[in-house]
Number of protein chains: 2
Amino acid sequence: MEIKVLKDILGANEQLADRNQQLLDSKGVFAVNLMSSPGAGKTSLILETAKRLKGKTKLGVIEGDVSSSLDAETIGKEDVPVIQINTGGECHLDANMTNNALGNLPLQDIELLLIENVGNLICPAEFALGEHKKVLISSIPEGDDKPFKYPLMFHKVDIVLINKIDLSPYLKFDAESFSQAIKGINEKVEILQISCVTGQGIEQWVSWLLTQMSRRQS
Amino acid sequence: MEIKVLKDILGANEQLADRNQQLLDSKGVFAVNLMSSPGAGKTSLILETAKRLKGKTKLGVIEGDVSSSLDAETIGKEDVPVIQINTGGECHLDANMTNNALGNLPLQDIELLLIENVGNLICPAEFALGEHKKVLISSIPEGDDKPFKYPLMFHKVDIVLINKIDLSPYLKFDAESFSQAIKGINEKVEILQISCVTGQGIEQWVSWLLTQMSRRQS
């Protein structure tokens, strides 16, 4: 019974996600779903991305959180159109919430839409939003065993950003075995080491984003 | 419809959690539910606790994970009875999973049962397991804004352990405003700063555990 309900929800979600993607395509918007544990650095990465894309690409942001509008307020200071979704207890965004947010964004003025999902390594992996690419930010304080514990998330994403790499001297984190574990789950995934503090890898991340956008348009 | 199903599940879970607690009480077992984000340090804390309680209290451990038995293998090396629950995709433990685990543990040889929940700040807060106390481990790399984003979790727990405090020199984390935010949500909660690397605060944590156990028994 419980499983049937879940399947119904997931099926309905997939259909609505497809419609979201059609809407985004019709407006020429490329959408990226950013997922991570709580505090892995999603908002900081969006801020760094916004700074580097200023004048190059028209950005929009959807902020997902269980509660509060802290992140939307932070992003709003960068003069980027932003909508906060409060899920009211739900542990992930879904296609319906995203659809509501899309209706409240000036899509004609957006080329790249960054969607910050709820901080959670489990449920967000199951719910498509209509995005073109899925990104996982995995920060090194979380440890290098995470691919074994949250395999679906690592399996579903197009790129893994290993964040907070500036903390390497102070932590036991084996980036090599971490990357090997990820590749064992997801052969085609790209992996980048980044730091929003030192700026390491951020240019490559922005370049990856722009490449994905141009591939989609051509 | 979706909400009704959730309420039914939560109601049934509460009933089974009560029965779990009756079982634990009849065997003289004190149970603690350890919750946190992925990689905040639950397993490391259990290891440190096991070392300090050796010869003082008979420990048992339930390890909850979406996938893998890595943590149970780590704990098992400490010569502590341990059961791994793999939730198979579920983002939290529940009373039924806990009940199955209890049936497979030598409860007559256990005085303190540490239950490591799935790494997630949202769903585990909603599901009682039958535990006597709820503990949140919040690590400083996650940032000091977490009480605002995950208020239910901070509201439900009896103690918050601020972990990885040894990384303070390398991170922007305001422990004072973090603690104030927690107290605003949960007036009676206790707060301890700890590090499983330097050992800071671990004696106080173990002492807190033993005090809670003795209060329950008297």
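For the structure itself, consult the block above.
The structure displayed is predicted, hence computed values, not measured ones.

Caption draft 1: Here's a closer look at the relation of the copies chain B and chain A. For these two chains of identical sequence, chain B goes onto chain A by a turn of 180° and a shift of 0.0 Å along the axis, with RMSD 0.0 Å. Both chain copies can therefore be described as sitting about a two-fold axis. When the interface residues of chain B are mapped onto chain A, 100% of them are again interface residues, pointing to one common binding face.

Caption draft 2: Representation of the pattern of salt bridges in the model. All names here are of chain B. One pass over the full model with this rule turns up 18 salt bridges over all chains. The residue arginine 52 makes a salt bridge to glutamate 48 at a minimum N-O spacing of 3.0 Å. Taken together, the positions of arginine 52 and glutamate 48, both in helix α2 (residues 42–53) and four residues apart, correspond to about one turn of that helix. Taking relative accessible area as the criterion, arginine 52 reaches 24% and is therefore assigned partly exposed. The closest approach of N and O atoms between lysine 146 and aspartate 145, which form a salt bridge, is 2.5 Å.

Caption draft 3: Seen up close, the sheet that holds strand β7 (residues 190–193) of chain A. Residue and element names in this part refer to chain A. In space, the seven strands of this open sheet follow the order β3-β2-β4-β1-β5-β6-β7, with parallel pairing throughout. Looking at which strands have only one partner, the edges of the open sheet turn out to be β3 (82–86) and β7. Going across the sheet, the axis of each strand differs from the next one's by a mean of 20°, ignoring polarity. Two elements, strand β2 (residues 59–65) and β3, share five bridges in a ladder whose sense is parallel. Considered in β3, the bridge of aspartate 65 is made with asparagine 86. Relative to the sheet, helix α2 (residues 42–53) contacts β1 (30–36), β2, β4 (112–116), β5 (133–139) and β6 (159–163), its axis offset from that of β4 by approximately 165°. Across the sheet, helix α4 (residues 95–102) lies against β2, β3 and β4, angled at about 145° from β3, the strand it touches most.

Caption draft 4: Layout of the packing of α2(B) against helix α8 (residues 202–217) of chain B. All names here are of chain B. Remark: α2 packs on α8, axes separated minimally by 10 Å, with the N-to-C direction vectors making an angle of 75°. By the angle between their axes, α2 is roughly perpendicular relative to α8. Contacts between α2 and α8 involve Leu45, Glu48, Thr49, Arg52 and Leu53 from the former and Ile202, Glu203, Trp205, Val206, Leu209 and Leu210 from the latter. Its residues placed into classes, the contact of α2 with α8 shows seven nonpolar, one polar and three charged.

Caption draft 5: Representation of the interface of chain B and chain A in the model. Between chain B and chain A, the contact holds 33 residues from the first and 33 residues from the second. Together, the buried faces of chain B and chain A total about 2600 Å²; carbon and sulfur atoms form 64% of this surface. By the criterion of area lost to chain A, the three top residues of chain B are B:Pro38, B:Ile122 and B:Lys149, representing 22% of everything that side buries. Across the salt bridge formed by B:Lys149 and A:Asp71, the nearest N and O atoms sit 2.6 Å from each other. The set of elements that each furnish at least two residues to the side of chain B that touches chain A consists of α1 (2–26), α3 (70–76) and α5 (146–149) of chain B. Take the side of chain B that touches chain A: its biggest share by element is three residues, from α5(B).

Caption draft 6: Fine view of the environment of A:Thr49. All names here are of chain A. Relative to the helices and strands, threonine 49 resides in helix α2. Linking threonine 49 and valine 206, residues 157 residues apart in sequence, is a C-alpha distance of 6.6 Å. Residue contacts for threonine 49: discarding those within four places in its chain leaves Leu114, Trp205, Val206 and Leu209.

What counts as what
Residues numbered from 1 in each chain as written. Chains lettered and ligands numbered in written order. Predicted model: local features only at pLDDT ≥ 70, side-chain atom pairs only at ≥ 80, totals over all residues. Heavy atoms only, no water. Least-squares fit on C-alpha atoms with pLDDT ≥ 70 in both. Contact = heavy atoms within 4.5 Å. Salt bridge = Lys/Arg side-chain N within 4 Å of Asp/Glu carboxyl O. Helix = DSSP H or I, 4+ residues; strand = E, 2+ residues; numbered from the N terminus. Buried < 20%, exposed > 50% of the residue type's maximum accessible area, 1.4 Å probe, protein only. Pairing = 2+ DSSP bridges. Axes fitted to C-alpha atoms, helices over the stretch in contact; angles between N-to-C directions. Parallel < 35°, antiparallel > 145°, perpendicular 65-115°, else oblique. Nonpolar A, V, L, I, M, F, W, Y, C, P; charged D, E, K, R; others polar. Buried area = accessible area lost by both parts, 1.4 Å probe.

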